[in-house]
Amino acid sequence: MVLGVTFVANAQPIATGLSGSGGELTDAAKSADRPAWRGTSVNYSHNLGVMTLAPAAEPFYNPTWSHRLGLFPEWHFGTQLTLRGRFFISQEFTDSDFTRYRNEVELSDVWLDGVWSGFTEKHSRIHLGADLRVTLPTSKPSQAQSRILTLGPSLNVSRRFDVLSGLTLIYTARFTYRFNRFATRQNQGPTISACGDSRSLECIDFINTGVRNPQFDVLHGPVVSFAPHSKVDVSASFLMQRAWLPALAAAPVELAGSTQLGVGTDVATRDLMIFSLSVSYQAFKAVGFSLGAWTFSNQLGEDGRYQFPLFNRNTTLYLDATFDLEGAVSSFRKEKS
């Protein structure tokens, strides 16, 4: 299944939102003179599923092209503590596999990060940072999973090297716990039109999908950021996620011992790979551009075979522009003066 705009809106931040506590605090004096809302930005991007470029690669052609508006507010409490938000509004131009009608506008979840800038050990120059992420379930996938709240603390270890304009190596790890009302994903209504009342006995099987919601997971992996020039940055990340599922419900008494239930079907975990590669160019103080690709997929494909994690049918290409509000205000003030 080609990743649709719902996943474009929710998965890509996983691969790109890691710099919050992984980098070093390089110039605290300059930061103190900047406004508390420094770092606040607006992002606009276009996303294209890689299979869109290969109509003959599969029996069924399913192109994916979408655009997205991202809001990234920040508020700094001094130089050590930062509150960050992340929210996306997206829309698919092609026929989506996940929406109710063509060109439906979708919302992502709301991320709220409390970031501790951390400290740098003076001899080894190894930097340690951390954050706590709270996720509010405003997206359709989270609502289908009966999500109430998500908590995810993370720890980041990094080291910066003086290579050209800077080389930073980061290793990040995040534990996420999800508070869900139900163990399985829920449908808002019946999946067949004959069922007018989804709570009636003949339609009760259509209320939940049977797909279990992950209860908690561990996401970890390396991130590399290299700046060959002061205005150019090349970044790559490879993250591995293992999610644990709730236990299966007990079988009905009338089916106890039946061969219909199968043997050894209780898979307790899910494994995902997330890879991203991007090149960014800071054209102006207030505007930067990025070209990249990210792959968010299961270890095993629909045919049960291992998928190459760096590039496969789930890879998405993107081109975006980021507008830094502090830079825009600063440029405007200079022009007026």
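Residues numbered from 1 in each chain as written. Predicted model: local features only at pLDDT ≥ 70, side-chain atom pairs only at ≥ 80, totals over all residues. Heavy atoms only, no water.

With respect to the pairing of strand 9 (residues 167-180)
- Residues Thr168, Ile170, Thr172, Arg174, Thr176, Arg178 and Asn180 line the buried face of strand 9, whereas the alternating positions Leu167, Leu169, Tyr171, Ala173, Phe175, Tyr177 and Phe179 sit on a face that is not buried.
- The sheet contact formed by strand 9 and strand 12 (residues 216-229) spans 11 bridges and is antiparallel. Along strand 12, the bridge assignment pairs Tyr171 with Pro222. (Buried < 20%, exposed > 50% of the residue type's maximum accessible area, 1.4 Å probe, protein only. Helix = DSSP H or I, 4+ residues; strand = E, 2+ residues; numbered from the N terminus. Pairing = 2+ DSSP bridges.)

Here we look at the nonpolar core
- Counting residues in hydrophobic clusters, the biggest one holds 7 residues: Leu219, Leu239, Leu272, Ile274, Trp294, Phe296 and Tyr318.
- Elements with a contribution of two residues or more to this core: strand 14 (269-281) and strand 15 (287-298). (Core = buried A, V, L, I, M, F, W, Y, C linked by side-chain atoms within 4.5 Å.)

Section: the confidence of the model for the chain
- Mean pLDDT over the chain: 82, with 78% of residues reaching 70 or higher.
- Contacts from residues 19-29, a stretch scored under 50 in pLDDT, to residues over four places away or in other chains number 26 contacts.
- Predicted confidence for residues 190-207 stays below pLDDT 50, and this span has 18 contacts to residues more than four positions away or in other chains. (pLDDT = per-residue confidence, 0-100. Contact = heavy atoms within 4.5 Å.)

A look at the environment of Lys285
- Within the secondary structure layout, Lys285 lies in the loop between strand 14 and strand 15.
- The contact partners of Lys285, leaving out residues within four places of it in the chain, are Asp324, Gly327, Ser330, Ser331 and Lys334.

A short note on unusual backbone geometry
- Phi is positive for Arg125, close to 60°, though the residue is something other than glycine.
- Relative accessible area serves as the criterion here: at 30%, Arg125 is assigned to the partly exposed category.
- Within the chain, Leu164 stands out as a residue other than glycine whose phi angle is a positive 50°.
- For Leu164, the location among the structural elements is in the loop between strand 8 (147-161) and strand 9.
- Given the relative accessible area of 65%, Leu164 is considered exposed.

Comments concerning the pattern of salt bridges
- Evaluation of the coordinates by the stated rule reveals 12 salt bridges.
- Ionic pairing is found between Arg178 and Asp217, a salt bridge with its closest N-O pair at 2.6 Å. With Arg178 in strand 9 and Asp217 in strand 12, this pair connects stretches of sequence that are 39 residues apart. For the pair Arg178 and Asp217, one class covers both residues: buried.
- Among the charged side chains, a salt-bridge network with shared partners connects Arg100, Glu104 and Lys140. (Salt bridge = Lys/Arg side-chain N within 4 Å of Asp/Glu carboxyl O.)

A word on the packing of aromatic side chains
- In the structure shown here, the tally under the stated rule is 7 aromatic pairs.
- With a centroid separation of 5.9 Å and 40° between ring planes, the pair formed by Phe175 and Phe216 is classed as tilted. One end of the pair, Phe175, is in strand 9; the other, Phe216, is in strand 12, and 41 residues separate them in sequence.
- Looking at Phe216, the relative accessible area reads 27%, which means it is partly exposed.
- A centroid spacing of 5.0 Å and a plane angle of 65° characterise the contact between Tyr177 and Phe179, whose relative ring orientation is edge-to-face.
- Its relative accessible area of 31% is what places Tyr177 among the partly exposed residues.
- Each member of the aromatic cluster is reached from another via a ring pair, and the members are Phe175, Tyr177, Phe179, Phe216 and Trp244.
- Looking at Arg86, its charged tip hangs above the ring of Phe72, at a distance of 4.4 Å from the centre. (Phe/Tyr/Trp six-rings, centres within 6.5 Å; stacked < 30°, edge-to-face > 60°. Lys NZ or Arg CZ within 6 Å of the ring centre and 35° of its normal.)

A few points about the pairing of strand 15
- Relative to strand 15, strand 14 is paired through 10 bridges, and the arrangement is antiparallel. By the bridge assignment, Ile274 is partnered in strand 15 with Phe296.
- Hairpin connection of strand 14 to strand 15: 5 residues between the antiparallel strands.

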